[in-house]
Amino acid sequence: MTNFQQSEALSRVQPSTTLAVTQKARELKAAGRDIISLGAGEPDFDTPDFIKDAAIQAIRDGKTKYTAVDGIPELKQAVATKFKRDNNLDYDLDQISIAPGGKAILYNALVATMNPGDEVIIPAPYWVSYPDMALLAGGKPVIVKADASNGFKLSPEALEAVITPKTKWLIFNSPSNPTGAAYTHNEIKALTDVLLRYPHVMVMSDDMYEHIVYDGFEFATPAEVEPALYDRTLTVNGASKAFAMTGWRIGFAGGPKPMIKAMAKVMSQSTSNPSSISQWASVAALNGDQSFLKERNDAFKERRDLVVSMLNQANGLTCATPEGAFYVYPSCEGVIGKATPNGVKISSDEDFAAALLEDEGVAIVFGAAFGLSPYFRVSYAAAIEQLEDACQRIQRFCASLT
Ligand SMILES: Cc1ncc(COP(=O)(O)O)c(C=O)c1O
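Note that the structure is predicted; figures quoted are calculated from it, not measured.

K.L.:
I'd like to hear about the sheet that holds strand E11 (residues 365–366), residue by residue, with values.
P.N.:
A sheet is described by the order of its strands in space; here 3 strands give the open sequence E9-E12-E11, paired in antiparallel fashion. The sheet is open, and its two edges are formed by strand E9 (327–328) and E11, each paired on a single side. As paired elements, E11 and strand E12 (residues 376–379) share 2 bridges and run antiparallel to each other. Along E12, the bridge assignment pairs Val 365 with Arg 377.

Structure (structure tokens):
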């Protein structure tokens, strides 16, 4: 089609930067370049065998047909049990939605609730998709800074300052993509205390990285911390990160009955049900032995510590130690204004990322994509040798800047 024109709604949004970086790294690799890609947001571990076995069994048993739009009762039950077990939250089965990925859950919820002009409060740095999803759903993202001075966490004062009569949602994400910052129970309580004063504001709590926390950190989620917010909170989670199941596409949420019903209506006229096979695999994942989560966290922690230490040794970089997820978000403020040996000037984190990829073949995502500069995101979901190599290259690159 030569005269293709995209819709106005789509014109307002950007393609996912993180996916674009991963794709660029893949292309350079295919072209023969020696590339280390630390851009992707997925565990490098494989899906555990007991989960794969459940999927194979589901195929053999002919569980290969359409299912109920927002999930099979068995998976809803497993999700309800998980919410009770891990978060002390009680949800009936008609308060649970299953969708093709955490992304779909968030998107369905926004489409099901947003009216033109409605505002969505998004702390920055944010996961790249939140603002664009809000725009696609016809709303207005309201970005509020949660910068390094407060450990990349939203303060109650900053939250209160951006609430208006048009605020529909606060999107809350802990542990965070891209910073790895996680809110303690008390830090969440300070925010929910503000929200208690604004009954028209709903909370979308994106808990995708719940299980990836370190040093004894105790995960908490808003509906658990403040039961008075239970009726206006959507607690979002999924199989992707915890169970290394990014390709299986299963996300889930617990929330108020009418909202869950509205989300099912969106799915009924768009995606229909998530893959039946992935749903059965997720039943096994949630009901099975969870001890591998700890083993994987131990490996992630070793990598986090290595990456933080090595990045802090690079000229001009400073890197905080995050509580969770598998990302670090170092500042590159100290190299802004410098130039590479080839004379390429580093004026922004985007320039830094491009020059690092060009000179040393390390793919990371620049901070502007997440709404807070000058920073960059490193995903340390990679083998330790690869991380060591990548960090040495970053150190060499920073040392080469003048
Ligand atoms: C914070 C956050 N929320 C949601 C998602 C989406 O997860 P899924 O792959 O299940 O759609 C991601 C994935 O990168 C994420 O980082």
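K.L.:
Outline the packing of aromatic side chains, listing residues and values.
P.N.:
Evaluation of the coordinates by the stated rule reveals 19 aromatic pairs. Ring plane angle 80 degrees and centroid distance 5.6 Å describe the contact between Phe 152 and Tyr 329, whose orientation is recorded as edge-to-face. You can see Phe 152 sitting in the loop between strand E4 (140–145) and helix H7 (156–162) and its partner Tyr 329 sitting in the loop between E9 and helix H13 (349–360), a full 177 residues away along the chain. In terms of burial, Phe 152 and Tyr 329 fall into one category: buried. On the numbers, 5.6 Å between centres and 75 degrees between planes, the contact of Tyr 209 with Tyr 327 is edge-to-face. Of the two residues, Tyr 209 is situated in the loop between strand E6 (202–206) and helix H9 (222–225) and Tyr 327 in strand E9; the sequence distance between them amounts to 118 residues. In terms of burial, Tyr 209 and Tyr 327 fall into one category: buried. Clustering of aromatic rings is evident, with ring pairs tying together Phe 45, Tyr 209, Phe 300, Phe 326, Tyr 327 and Tyr 380. Over the face of the ring belonging to Trp 280 we find Lys 63, whose NZ or CZ atom lies 4.0 Å from the ring centre.

K.L.:
Could you give me a rundown of the site of the ligand, with the residues and numbers involved?
P.N.:
Inspection of the region around the ligand gives 13 residues, with Gly 102, Asp 206, Tyr 209, Ser 240 and Lys 241 positioned closest. Between the ligand and Tyr 209 there is a distance of 2.7 Å, counted from an oxygen atom to a side-chain nitrogen or oxygen. Lys 241 places a side-chain nitrogen or oxygen 2.6 Å from an oxygen atom of the ligand. Protein coverage of the free-state accessible area of the ligand, which is 390 Å², stands at 92%. For the ligand, the cavity whose grid points lie within 2 Å of the majority of its atoms is the largest pocket. Residues of the shell around the ligand, tallied by class, amount to 4 nonpolar, 5 polar and 4 charged.

K.L.:
Describe the domain arrangement of the chain, naming the residues involved and giving the relevant values.
P.N.:
Domains assigned within the chain are domain 1 (8–46 + 292–400) and domain 2 (65–287). Between the C-alpha centres of domain 1 and domain 2 the distance comes to 26 Å. The interface is formed by 36 residues belonging to domain 1 together with 34 residues belonging to domain 2. Taken together, both faces of the contact between domain 1 and domain 2 bury some 2,900 Å²; the carbon and sulfur share is 62%. The largest contributions to the domain 1 side of the interface with domain 2 come from Glu 323, Phe 370 and Leu 372, which together make up 21% of the buried area. At the surface where domain 1 touches domain 2, the tally comes to 3 salt bridges. Inspection of the region where domain 1 meets domain 2 yields 18 residue pairs in polar contact (both at pLDDT 80 or more). Elements represented by at least two residues in the side of domain 1 that touches domain 2 include exactly helix H1 (8–11), helix H2 (17–30), helix H12 (291–312) and E9.

K.L.:
An account of the layout of surface pockets is requested, with residue identities and associated values reported.
P.N.:
Roughly 840 Å³ of internal volume is contained in the largest pocket. Lining of the largest pocket is provided by 39 residues; of these, Leu 19, Ala 40, Gly 41, Glu 42 and Lys 241 occupy positions nearest its centre. Elements represented by at least two residues in the lining of the largest pocket include exactly H2, helix H5 (102–113), helix H6 (129–136) and E12. By residue class, the composition of the lining of the largest pocket is 16 nonpolar, 14 polar and 9 charged. Among the domains, domain 1 (8–46 + 292–400) and domain 2 (65–287) are the pair contributing at least three residues each to the lining of the largest pocket. Reported here for the second largest pocket is a volume of approximately 280 Å³. Surrounding the second largest pocket, 14 residues form its lining, His 211, Val 213, Phe 217, Lys 294 and Asn 297 being those nearest its centre.

K.L.:
Hey, could you go over the side chain of Thr 233 for me, with residue numbers and the actual values?
P.N.:
For Thr 233, the location among the structural elements is in strand E7 (residues 233–238). In terms of polar contacts, Thr 233 uses its side chain to reach the backbone carbonyl oxygen of Leu 229, at 2.7 Å.

K.L.:
Would you mind going over the nonpolar core in detail, with residue names and values included?
P.N.:
Counting 83 residues, the largest nonpolar core has Trp 169, Met 204, Leu 234, Leu 311, Leu 317, Phe 352 and Ile 364 as its most contacted members. No fewer than three residues from each of domain 1 (8–46 + 292–400) and domain 2 (65–287) sit in this core. The next biggest cluster of nonpolar side chains, apart from the first, holds 28 residues, and it includes Ile 51, Tyr 91, Ile 96 and Phe 252.

Definitions and limits used
- The written sequence of each chain sets the order in which its residues are numbered from 1.
- Local features in a predicted model are, by the rule used here, given only for residues with pLDDT of at least 70; side-chain atom pairs are given and counted only at 80 or more, and totals for whole chains, interfaces and linings are based on all residues.
- Side-chain descriptors were evaluated using all non-hydrogen atoms of the structure, hydrogens and water having been removed beforehand.
- Whether two strands pair depends on DSSP finding at least two bridges between them.
- Secondary structure follows DSSP: runs of H or I at least 4 residues long count as helices, runs of E at least 2 residues long count as strands, and numbering of each begins at the N terminus.
- Aromatic pairs are defined between Phe, Tyr and Trp rings, using the six-membered ring for Trp, whenever the two ring centres lie within 6.5 Å; interplanar angles under 30 degrees are classed as stacked, those over 60 as edge-to-face, and all others as tilted.
- To sort residues, take the accessible area from a 1.4 Å probe on protein chains only and compare it with the maximum for the residue type: under 20% means buried, over 50% means exposed, and anything in between is partly exposed.
- Any Lys NZ or Arg CZ that is within 6 Å of a ring centre and within 35 degrees of that ring's normal is treated as a charge sitting over the ring.
- We call a residue near a given molecule or strand whenever any one of its heavy atoms falls within 4 Å of it.
- Whenever a nitrogen or oxygen atom comes within 3.5 Å of another N or O atom, the pair is scored as a polar contact, on the condition that within protein one atom can donate a hydrogen and the other can accept it, and that pairs from neighbouring residues in sequence are kept only if both atoms are in side chains.
- Each accessible area is a Shrake-Rupley estimate made with a 1.4 Å probe; only the visible protein chains count as cover when residues are assessed.
- Put plainly, a pocket is an open set of points on a 1 Å grid over the protein atoms alone with protein on both sides within 12 Å along at least five of seven lines, a cavity is a set where a 1.4 Å probe fits but cannot get out, and a lining residue has an atom within 4 Å of a point.
- Placement in a cavity or pocket follows one criterion, namely that more than half of the molecule's atoms lie within 2 Å of its grid points.
- Each residue receives one of three labels: charged for Asp, Glu, Lys and Arg, nonpolar for Ala, Val, Leu, Ile, Met, Phe, Trp, Tyr, Cys and Pro, and polar for the others, Gly being one of them.
- Domain boundaries shown here were taken from an automatic or database domain assignment.
- Contacts are assigned to residue pairs with any non-hydrogen atoms lying within 4.5 Å of each other.
- Defined in terms of a 1.4 Å probe, buried area is the accessible area two parts forfeit on being brought together, summed over both.
- By definition here, a salt bridge exists when the distance from a side-chain nitrogen of Lys or Arg to a carboxyl oxygen of Asp or Glu is within 4 Å.
- Grid points are joined across faces, edges and corners, and a volume is the space filled by probe spheres set on the points.
- Nonpolar core, defined: a set of buried Ala, Val, Leu, Ile, Met, Phe, Trp, Tyr and Cys residues in which side-chain atoms within 4.5 Å join the residues together.

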